[in-house]
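If you want the building blocks of each chain, they are given just below.
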Amino acid sequence: MAADTDPSTDLPVYVIGGGPGGLAVAAALRERGVRTVVLERSEAVAASWRRHYRRLRLHTTRRRSALPGLKIPRSAGRWVAREDVVRYLEAYAEHHALEIVTGVEVTRIERAPGGAGWLLHATGGRQLTGRGVVVATGYNHTPKLPDWPGREAYEGELLHAGDYRDARPYAGKDVLVVGVGNTGAEIAVDLVEGGAARVRLAVRTVPHIVRRSTLGWPAQSSGILIRRLPARLVDPLAALQARIALPDLTSKGLPRPDTGLLSRAREGAIPVQDVGLVDAVRKGRVEPVAAVESFEEDKVVLADGTRIAPDAVIAATGYRRALEGLVGDLDILDARGRPRVHGPRTTPTAPGLHFTGFTNPISGMLRELSRDARRIAKALSR
Ligand SMILES: Cc1cc2nc3c(=O)[nH]c(=O)nc-3n(C[C@H](O)[C@H](O)[C@H](O)COP(=O)(O)OP(=O)(O)OC[C@H]3O[C@@H](n4cnc5c(N)ncnc54)[C@H](O)[C@@H]3O)c2cc1C
């Protein structure tokens with residue numbers, strides 16, 4: 001059927017999610033003259049960034065974090081603060097005059113009857129048909145709390161890092177942070193600076209730590225340079241660089257990792273950007289301890305058998321993509337619940353169904369979201 005007689009070409013493309021990924025795709029599609037509607041479940045764009053902990057700053061540079069078609073203002077500085085990211089995303093939606101419908105949660109996507117496009121089921125019994133769909137619901141979608149034995153009966157305060165805002169409620173308290181990714185590392189430092197009496201950090205896998213920038217050279221730029229090189233080349237060089245740049249914290253309970261930096265990043269664990277953790281561990285203000293094994297009524301049991309009784313436990317244990325409800329029937333997710341295709345690529349059984357933001361690249365997620373936005377727009381406007 002010729003494109004101009006195909007009824008599906010009159011339909012808009014729906015973008016699910018009004019975070020940076022969704023907004024960038026919508027802007028790129030609009031630039032190509034494709035009618036695009038963003039569906040966002042919360043009341044405003046940038047919902048994730050509104051919820052993040054207060055001290056958060058981008059660890060990617062301002063220039064390399066901007067989305068297509070609008071720079072982040074110079075006044076935001078090199079490492080953009082969380083509230084400036086929110087302001088930028090609001091300005092971005094306005095600048096590109098994006099069509100955004102808020103308060104609409106898409107619950108399921110299926111092929112439209114007759115095969116022309118996609119049928120979206122959304123809250124309030126809405127059914128929407130689009131010629132294409134971009135799923136941009138976020139890598140950090142649903143907080144993940146490990147199923148620790150005894151967790152349900154634990155009487156102490158236990159929260160996910162996604163619910164942590166700032167250190168004020170923990171001043172003078174003994175806090176255990178679980179997990180040493182970027183979030184756990186930063187929350188531990190925030191607690192120390194915010195006056196917590198004691199901060200312990202439960203470590204299962206020792207992370208790679210890099211300085212956010214060295215002599216003005218951002219870690220993100222190294223990430224961009226190395227990401228396509230062979231790991232066997234990069235891993236030893238990264239280990240050497242870490243020895244030169246960072247003190248040995250083995251005696252403080254944080255040995256150097258025994259797997260390579262790029263090998264680890266390719267498994268999805270990007271390095272921790274140091275925003276004060278190294279210094280805090282060196283000074284004994286953050287105490288690394290063994291991983292959490294289980295809970296008793298009033299105690300946390302660590303993998304080395306130690307039992308501790310902190311006032312609060314903050315689990316920086318990551319998120320799930322939670323795509324099963326949305327696209328679980330389409331045979332498009334891998335065993336770990338991630339889409340098998342990404343960016344401009346689609347599967348033959350699901351043409352016009354794109355995913356953005358479901359990788360964790362060492363080169364910076366916002367940068368990759370921007371690149372994918374342009375590629376997806378090109379694919380969908382063909
Ligand atoms: C703490 C933290 C710090 C980060 N720092 C950086 C950094 O410095 N540099 C960098 O490049 N990257 C960083 N990232 C990674 C990444 O850039 C951000 O997570 C970014 O927000 C991802 O954008 P997104 O649009 O894919 O997802 P999100 O920003 O999470 O947006 C998804 C949107 O979809 C909406 N939504 C979800 N489900 C539905 C549904 N079913 N229907 C309708 N709407 C829905 C949500 O409400 C949300 O608004 C960071 C991530 C985290 C968690």
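Residues numbered from 1 in each chain as written. Predicted model: local features only at pLDDT ≥ 70, side-chain atom pairs only at ≥ 80, totals over all residues. Heavy atoms only, no water.

Engineer: I would appreciate a short explanation of the sheet that holds strand β4 (residues 106–111) in the present structure.
Structural biologist: Hydrogen bonds between backbone groups are what pair the strands of a sheet, and the pairing can be parallel or antiparallel. Reading across from one edge, β4-β5-β6 is the order of the three strands in this open sheet, with antiparallel pairing throughout. Two strands in the sheet have a free side with no partner beyond their single neighbour: β4 and β6 (126–130). Ignoring which end each strand starts from, the neighbouring axes of this sheet average 25 degrees apart. As paired strands, strand β5 (residues 118–122) and β6 are joined by five bridges and run antiparallel to one another. In the strand pairing of β6, L119 is matched with T129. (Pairing = 2+ DSSP bridges. Helix = DSSP H or I, 4+ residues; strand = E, 2+ residues; numbered from the N terminus. Axes fitted to C-alpha atoms, helices over the stretch in contact; angles between N-to-C directions.)

Engineer: Would you mind going over the packing of aromatic side chains with me for this structure?
Structural biologist: Describing an aromatic ring pair means giving the distance of the ring centres and the angle of the ring planes. Scanning the model with the defined rule gives five aromatic pairs in all. Between W148 and F295, the aromatic rings sit 5.3 Å apart at their centres with planes inclined by 55 degrees, giving tilted as the arrangement. Of the two residues, W148 sits in the loop between β8 (142–143) and β9 (157–160) while F295 sits in strand β17 (residues 292–295), which places them 147 residues apart along the sequence. Taken as a pair, W148 and F295 share a single burial class, namely buried. Positioned over the ring face of W118 is R111, at 5.0 Å from the centre of the ring. Taking NZ or CZ as reference, R321 lies 3.8 Å from the ring centre of Y139, over its face. (Phe/Tyr/Trp six-rings, centres within 6.5 Å; stacked < 30°, edge-to-face > 60°. Buried < 20%, exposed > 50% of the residue type's maximum accessible area, 1.4 Å probe, protein only. Lys NZ or Arg CZ within 6 Å of the ring centre and 35° of its normal.)

Engineer: What is the right way to read the sheet that holds strand β1 (residues 13–16) from this model?
Structural biologist: Taken together, five strands build an open sheet; the order of strands is β3-β2-β1-β7-β22 and the sheet is parallel. Strand pairing shows two members of the sheet lacking a second neighbour, β3 (99–102) and β22 (353–355), which therefore form its edges. Here the average twist between neighbouring strands, direction ignored, is 20 degrees. Summarising the sheet, β1 and strand β2 (residues 36–40) pair through four bridges and their orientation is parallel. Paired with V15 across the bridge in β2 is V38. Contacting β1, β7 (132–135) and β22, helix α10 (residues 365–380) runs over the sheet at an angle of about 175 degrees to β22. (Contact = heavy atoms within 4.5 Å.)

Engineer: Just to check I follow, could you spell out the packing of helix α1 (residues 20–31) against α10 for this structure?
Structural biologist: To characterise two packed helices, one gives the angle between the axes of the helices and the distance between these axes. Here α1 crosses α10 at 40 degrees, and the two axes come no closer than 8 Å. Our classification of the angle between α1 and α10 gives oblique. In the packing of α1 onto α10, the handedness of the crossing is right-handed. Each of P20, G21, A24, V25, A28 and L29 in α1 lies in contact with α10, whose residues at this interface are L366, L369, A373, R374, I376, A377 and L380. (Parallel < 35°, antiparallel > 145°, perpendicular 65-115°, else oblique. Left-handed = near helix turned anticlockwise from the far one by under 90°.)

Engineer: How should I be thinking about the nonpolar core in this particular structure?
Structural biologist: A general tendency of soluble globular proteins is for nonpolar side chains to be buried together. Judged by nonpolar contacts, the single largest core of 69 residues is most densely connected at Y164, L191, L277, V286 and I314. Of all the elements, α1 adds the most residues to this core, at seven residues. In this structure, Y164 is in contact with Y53, L159, Y170, I187, D190, L191 and I314, ignoring residues within four places of it in sequence. If you look at the next biggest cluster of nonpolar residues, it comprises 24 residues, including V37, L39, V327 and F355. (Core = buried A, V, L, I, M, F, W, Y, C linked by side-chain atoms within 4.5 Å.)

Engineer: Where do I start with the side chain of D235 in this structure?
Structural biologist: Looking at the element boundaries, D235 is found in helix α6 (residues 231–245). The residues contacting D235, other than those within four sequence positions of it, are G260, L261, L262 and S263.

Engineer: Help me understand the packing of α1 against helix α3 (residues 82–95), please; the structure alone is not making it clear to me.
Structural biologist: Interhelical geometry of α1 versus α3 gives an angle of 20 degrees and a closest axis separation of 10 Å. Viewed along their axes, α1 and α3 adopt a mutual orientation that is roughly parallel. By crossing handedness, the relation of α1 to α3 is classed as left-handed. Residues P20, L23, A24 and A27 of α1 pack against L89, Y92 and A93 of α3.

Engineer: Got a minute to help me understand the pairing of β2 in this structure?
Structural biologist: It is a general feature of regular strands that their side chains alternate between the two faces of the sheet. For β2, the tally of buried residues reaches five of five residues, placing the bulk of the element in the interior. What you see with β2 is no split at all: T36, V38 and E40 on one side and V37 and L39 on the other are buried throughout. Where the polypeptide runs from β1 across α1 and back to β2, its parallel neighbour, the crossover connection is right-handed. Summarising the sheet, β2 and β3 pair through four bridges and their orientation is parallel. Among the inter-strand pairings, L39 is bridged to a residue of β3, identified as V101. (Right-handed = clockwise from strand over helix to strand, strands pointing away.)

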